[in-house]
Each structure stands twice: as C-alpha cells, then as structure tokens.
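Each chain, written out:
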Amino acid sequence: MTPSDPAPASARPGIGRLLVSCPDQPGIVAAVTAFLFERGANITHSDQYSSDPVGGGRFFLRMAFSLDGLADRLDALAAEFDARVGQRYAMEARFTDAARPKRISIFVSRYDHCLLDLLWRWQRGTLGVEVASVIANHDDLRPEVERFGVPFHHIPVTRETKPAAEAEQLRLLTGDAGTTGAGPGIDFVVLARYMQILSADLLDRLGRHGIPAINIHHSFLPAFAGAKPYDQAKRRGVKLIGATAHFVTADLDEGPIIEQDVVRVTHEATPADLTRWGADIERAVLSRAVRWQAEDRILLNGATTVVF
Ligand SMILES: Nc1nc2c(c(=O)[nH]1)N[C@@H](CN(C=O)c1ccc(C(=O)N[C@@H](CCC(=O)O)C(=O)O)cc1)CN2
C-alpha cells in the first residue's frame with residue numbers, strides 16, 4: 001500500500017453523532033468525552049442543556065465527532081458506550097453516522113405545497129434525507145410525485161377501511177405487518193398536510209419500530225388546533241398567523257413542538273389570503289423540522305423538545 005492509496009473503508013474517517021439524555025449530575029460530559037477520546041475520536045461539535053442547572057433536572061447532549069473507521073465501528077461503539085457509560089448514568093443514548101441520510105416516507109392528501117417543497121429540497125440535496133416513498137389517501141398527486149421518480153402509494157381511508165388501510169401503511173413502512181424485520185428502513189414519517197388522524201395503534205406499532213412521525217399543523221399552536229384553523233383565525237381576528245411542526249401523538253395536534261413561525265396579518269385578510277400566506281410558513285417550518293430531525297438535532301424532554 002503506497003501513501004496515495006485510499007484508506008480502506010475500515011480506516012476511513014467518518015463523522016458520527018451522539019445524542020444523550022439522562023438525569024443530570026456532575027461528571028457526565030467528562031465521562032462521555034473520555035470515552036470518545038480513549039477510542040481515538042475528535043469531538044468537532046458539542047451542545048448541552050440542563051433542564052434545572054441547580055440540580056434534579058434532566059441533561060441533554062449532542063456531540064459530533066470524527067473517528068477513523070466510523071462506519072464499521074458504530075454498532076460496537078454504541079454497545080461499548082452503553083456498557084461503560086450509558087448504564088452508569090441511566091442514559092438514553094443514540095449514535096448515528098452523519099454520512100447515512102435518514103430515509104423518510106411522506107404522507108399527503110390533496111394539498112401539494114408542503115409535499116412539493118420537500119421533494120424539491122430533496123432533489124437539490126438540501127434536506128439531508130432520502131425520500132423512500134409517498135403514501136396518500138387520494139390519487140390526485142401521483143403524477144407530480146412520480147415525476148420526481150418517487151414511489152407513490154394510494155391508500156384510501158374511510159372510517160370503515162381505516163384498520164386495513166393502516167395495516168397496509170405499516171407494511172409499507174416496516175416491511176412486515178407489525179413484526180420487526182429487515183424492511184424499507186424508514187427512519188421517520190412526515191405528514192405533509194395529511195388530513196387523516198393516525199390511530200393510537202398505528203403510532204404504537206411505528207414507535208416499536210423506532211419510527212417517529214412529524215406533522216405540520218397550519219396554525220400557531222396551541223391556538224386553533226383541529227380542522228380549518230385559518231377560518232378560526234379569521235373569526236377570532238388575530239394579527240399573527242403561523243404554522244407548527246410537531247411530533248405526532250394519539251392526541252390530535254398535542255405532540256411535542258419542534259418548530260414554529262408566524263406572519264403578521266391585518267383585518268383586511270380574507271380566509272383565502274390567510275391560507276395563501278400560511279402555506280409559505282407551513283413549507284418553511286416543515287422543511288426546517290425535517291432537516292433538524294435528519295441531522296439528529298432533536299431530543300424529547302417529556303411533552304416538549306430540546307432542539308440543538
Ligand atoms: N394521531 C394524529 N394524527 C394526525 C395528527 C395528529 O396530531 N395526531 N395531525 C393531523 C393533521 N391535522 C392537523 O394538523 C389534522 C388532520 C385532520 C383532521 C380531521 O379532522 N380529519 C378528519 C377527516 C378529514 C377528511 O377526511 O378530510 C378525521 O380524520 O375525522 C384534523 C387535523 C394528521 N394526523
């Protein structure tokens with residue numbers, strides 16, 4: 001092997017990410033950094049937050065580090081970290097390889113603005129994800145999606161067909177109807193104005209596969225949860241409207257908030273104006289939330305989030 005030969009994959013340096021949350025106490029950062037240093041890692045970025053600095057709170061940490069042979073060493077590193085550090089501090093810890101894009105499935109109904117915005121950003125490589133599929137309860141957007149070369153699955157949903165429809169959605173997302181197995185490897189789901197409520201059973205089964213879902217709600221939550229928020233906003237006469245990206249829970253529009261934004265409006269705005277101006281905010285807020293999840297920047301803190 002000459003100096004100019006490329007490093008074998010087993011030695012090629014890579015960027016890893018470590019996400020940690022645990023009860024706060026002295027010594028956590030020292031233990032984590034010592035573990036990484038002793039294994040040849042160079043920490044390139046670090047963010048931390050304590051929910052109660054004077055004690056008794058929860059501690060959150062995100063680190064990026066470079067490590068030779070990362071791709072081949074990640075699983076063993078994670079197992080060793082859990083044994084030597086994680087269990088001692090009762091940590092929830094996750095290691096990821098920054099070079100492996102997250103794989104997502106996008107759910108949509110008939111509104112195209114958030115879907116097409118995500119597909120456009122994916123095509124430009126600015127979203128940090130692989131779009132594995134689009135699942136829709138209407139067939140309207142098939143041509144636009146297939147133009148991007150993305151598989152489109154039309155699964156109609158009615159009150160009667162919902163259990164069967166969700167079983168098919170689960171199969172498409174996990175590969176097996178409810179059992180763990182080598183599936184399409186979806187990392188998370190994005191509800192890009194999907195106008196059906198996901199059942200608690202589906203969310204529970206997705207959770208067991210480690211697949212969270214992110215939704216864009218077209219209001220500045222907690223204001224105007226539920227259906228037709230722009231009509232609600234007009235009736236209330238608000239001077240700011242907005243959009244909210246949140247993790248999906250069984251409780252409609254109640255999930256942990258990831259990102260929000262607003263725009264100023266006046267008494268002259270019609271519901272159509274609000275819908276049009278709101279759509280721009282929805283697209284921007286959802287794309288930021290998706291990129292942050294792709295970059296492992298979000299940790300759950302009870303019913304809220306920590307976003308680094
Ligand atoms: N389990 C959850 N599922 C979904 C959530 C959520 O927070 N938890 N968010 C929605 C999106 N959404 C608002 O952001 C929303 C979607 C649909 C409805 C609604 O009332 N739907 C009616 C049917 C409407 C239709 O058929 O067009 C219903 O499901 O009965 C309210 C809010 C996505 N899913």
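Residues numbered from 1 in each chain as written. Predicted model: local features only at pLDDT ≥ 70, side-chain atom pairs only at ≥ 80, totals over all residues. Heavy atoms only, no water.

Draft legend 1. Representation of the domain arrangement of the chain. Here the chain is described as being made up of domain 1 (9–97) and domain 2 (102–307). The gap between the C-alpha centroids of domain 1 and domain 2 is 30 Å. Facing the 11 residues of domain 1 at the interface are 10 residues of domain 2. Taken over both partners, the interface formed by domain 1 and domain 2 buries close to 840 Å², and the fraction arising from carbon and sulfur atoms is 53%. Linking domain 1 with domain 2 are two salt bridges. Here R94 and D296 are joined by a salt bridge, their closest N and O atoms 3.4 Å apart. With four residues, the single largest contributor to the side of domain 1 that touches domain 2 is strand 1 (residues 13–23). Across the side of domain 1 that touches domain 2, the residue classes tally to five nonpolar, three polar and three charged. (Domains from an automatic or database assignment. Contact = heavy atoms within 4.5 Å. Buried area = accessible area lost by both parts, 1.4 Å probe. Salt bridge = Lys/Arg side-chain N within 4 Å of Asp/Glu carboxyl O. Helix = DSSP H or I, 4+ residues; strand = E, 2+ residues; numbered from the N terminus. Nonpolar A, V, L, I, M, F, W, Y, C, P; charged D, E, K, R; others polar.)

Draft legend 2. Layout of the UniProt feature "active site" (unreviewed entry) in the chain. Summarizing the sequence annotation, UniProt attributes the feature "active site" (unreviewed entry) to D253 in the numbering used throughout. Residue position: D253 is located in the loop between strand 10 (240–247) and strand 11 (257–264). D253 has contacts with N215, H217, L221, A225, G226 and H246, leaving out every residue within four places of it along the chain. A distance of 3.4 Å separates a polar atom in the side chain of D253 from a polar atom in the side chain of H217. (UniProt positions renumbered as here; feature names shortened; annotations may be inferred. Polar contact = N/O pair within 3.5 Å; in protein donor to acceptor, adjacent residues only side chain to side chain.)

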